[in-house]
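The lines below spell out each chain.
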Amino acid sequence: MGNINITDKAISKIQEVLKEQNMKYFRIRVKGGGCSGFQYVFKSEDSINENKDIIFNFKNLQILIDKNSMDFINESELDYKDELIGSSFSITNPNAKNSCGCGTSFSV
């Protein structure tokens, strides 16, 4: 199945976003593209695809990751960074051989 860690800061931000958007779930997905070959996609959703999604529970928060994406981000950590240059979700991925400077794309 796989595993992922979500920091407390990321959990708080996701809960805030879901409440503002009146959505139930937060999806993490990997798709082809970006400057390094693959990129992370973060999206609020209202439904689950029971045939494809793995559901992770963190403090009354449900994170959805499709099985294909899980192969790329297994054992990763999602954090939320609030810096002077901007705020964003960031993944520390032990499976990535390279990543771009902005942290949104990677290669394996």
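Note that the structure is predicted; figures quoted are calculated from it, not measured.

Conventions and cut-offs
Residues numbered from 1 in each chain as written. Predicted model: local features only at pLDDT ≥ 70, side-chain atom pairs only at ≥ 80, totals over all residues. Heavy atoms only, no water. Helix = DSSP H or I, 4+ residues; strand = E, 2+ residues; numbered from the N terminus. Polar contact = N/O pair within 3.5 Å; in protein donor to acceptor, adjacent residues only side chain to side chain. Contact = heavy atoms within 4.5 Å. Pairing = 2+ DSSP bridges. Axes fitted to C-alpha atoms, helices over the stretch in contact; angles between N-to-C directions. Core = buried A, V, L, I, M, F, W, Y, C linked by side-chain atoms within 4.5 Å. Buried < 20%, exposed > 50% of the residue type's maximum accessible area, 1.4 Å probe, protein only. Salt bridge = Lys/Arg side-chain N within 4 Å of Asp/Glu carboxyl O.

(A) Representation of the side chain of Glu45 in the model. Residue placement: Glu45 occurs in strand 3 (residues 38–45). One polar contact links Glu45 to Arg27, side chain to side chain, over a distance of 2.9 Å. Contact partners of Glu45, with chain neighbours within four places excluded, come to Met23, Lys24, Tyr25 and Arg27.

(B) The arrangement of the sheet that holds strand 7 (residues 86–92) in detail. Strand order across the open sheet formed by 3 strands is 1-6-7, with mixed pairing between neighbours. Edge positions in the sheet fall to strand 1 (4–6) and strand 7, since each has one partner strand and no second. The mean angle between the axes of side-by-side strands here comes to 20°, regardless of whether they run parallel or antiparallel. Inspection of the sheet shows strand 1 paired to strand 6 (residues 76–83) by 3 bridges, in the parallel sense. Paired with Asn5 across the bridge in strand 6 is Glu77.

(C) Highlighting the nonpolar core. Counting 22 residues, the largest nonpolar core has Ile6, Ile14, Ile28, Ile63 and Leu78 as the members making the most contacts within it. Among the secondary structure elements, those contributing two or more residues to this core are strand 1, helix 1 (8–21), strand 2 (25–32), strand 4 (53–58), strand 5 (61–66), helix 2 (67–73), strand 6 and strand 7. Non-local contacts of Ile28, meaning those with residues more than four positions away in its chain, are made with Ile4, Ile6, Val41, Phe42, Ile63, Leu64, Ile65, Asp66, Ser69, Ile73, Leu78 and Ile91.

(D) Structural detail: the pattern of salt bridges. Under the definition given, this model contains 5 salt bridges. For Glu45, the salt bridge is made with Arg27, and the minimal N-O distance between the two is 2.9 Å. Of this pair, Glu45 sits in strand 3 while Arg27 is found in strand 2, placing the two residues 18 residues apart along the sequence. Residue class for Glu45 comes out buried when judged on its relative accessible area of 14%. Overlapping salt bridges, with partners in common, bring together Arg27, Lys43, Glu45 and Asp53 in one network.

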